[in-house]
Amino acid sequence: QVRLVESGGGSVQAGGSLKLSCSVYGYDYRKFCMGWLRQVPGKGREGIAVIDGDGNSGLADSVKGRFTISKDFVKNEMYLQMNSLQLDDTAMYYCAADVSRYASCGFDFTSWGQGTQVTVSS
């Protein structure tokens, strides 16, 4: 069973930065689709960023120019660098993966982390 564990969430003032990390456990192969999604209470999860088995990444329009997704393929850890944080970035952020897919990644993942809360204040 693949286990995903997020960390790095917290409170930050608008305009600040935060870096989220996601560690993968229980799966040795490194090249597969991963991504970040976020959710505000009462609403569906919003796809933020994806990264494929070759490190190709895609970002949602809402975070382009501010967020960066990356992965350390040796450590099997994924990161989300969040800069210029805005109030509407406040959400629970989830790490996700689909170890059965290598490329053409979307947000339809099969494994999820527990979530880490990001709160942006003015």
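Below is a summary of the structure that appears in this document. (Residues numbered from 1 in each chain as written. Predicted model: local features only at pLDDT ≥ 70, side-chain atom pairs only at ≥ 80, totals over all residues. Heavy atoms only, no water.)

1. Overview of the pairing of strand β5 (residues 46-51)
At step 1: Counting buried positions along β5 gives 5 out of 6 residues, so the element sits mostly inside the fold.
At step 2: Taking the residues between adjacent antiparallel strands as the criterion, strand β4 (residues 33-39) and β5 are bridged by 6 residues, where Gly42 takes a positive phi near 90 degrees.
At step 3: Pairing analysis gives 3 bridges linking β5 to strand β6 (residues 57-59), with the strands arranged antiparallel. In the strand pairing of β6, Ile51 is matched with Ser57.
At step 4: The hairpin turn running from β5 into β6, its antiparallel successor, is 5 residues long, and Gly55 in that turn takes a positive phi close to 90 degrees. (Buried < 20%, exposed > 50% of the residue type's maximum accessible area, 1.4 Å probe, protein only. Helix = DSSP H or I, 4+ residues; strand = E, 2+ residues; numbered from the N terminus. Pairing = 2+ DSSP bridges.)

2. A short note on the nonpolar core
At step 1: Formed by 27 residues in total, the largest nonpolar core has its most connected members in Met34, Trp36, Leu80 and Met82.
At step 2: Of all the secondary structure elements, the ones that give two or more residues to this core are β3 (18-25), β4, β5, β7 (67-72), β8 (77-82), β9 (91-98) and β11 (116-121). (Core = buried A, V, L, I, M, F, W, Y, C linked by side-chain atoms within 4.5 Å.)

3. Quick look at unusual backbone geometry
At step 1: Of note in this structure, Asn76 is not a glycine but carries a positive phi near 60 degrees.
At step 2: If you trace the backbone, Asn76 turns up in the loop between β7 and β8.
At step 3: According to the relative accessible area criterion, Asn76 is buried, its value standing at 2%.
At step 4: Even without being glycine, Ser104 reaches a positive phi, approximately 50 degrees.

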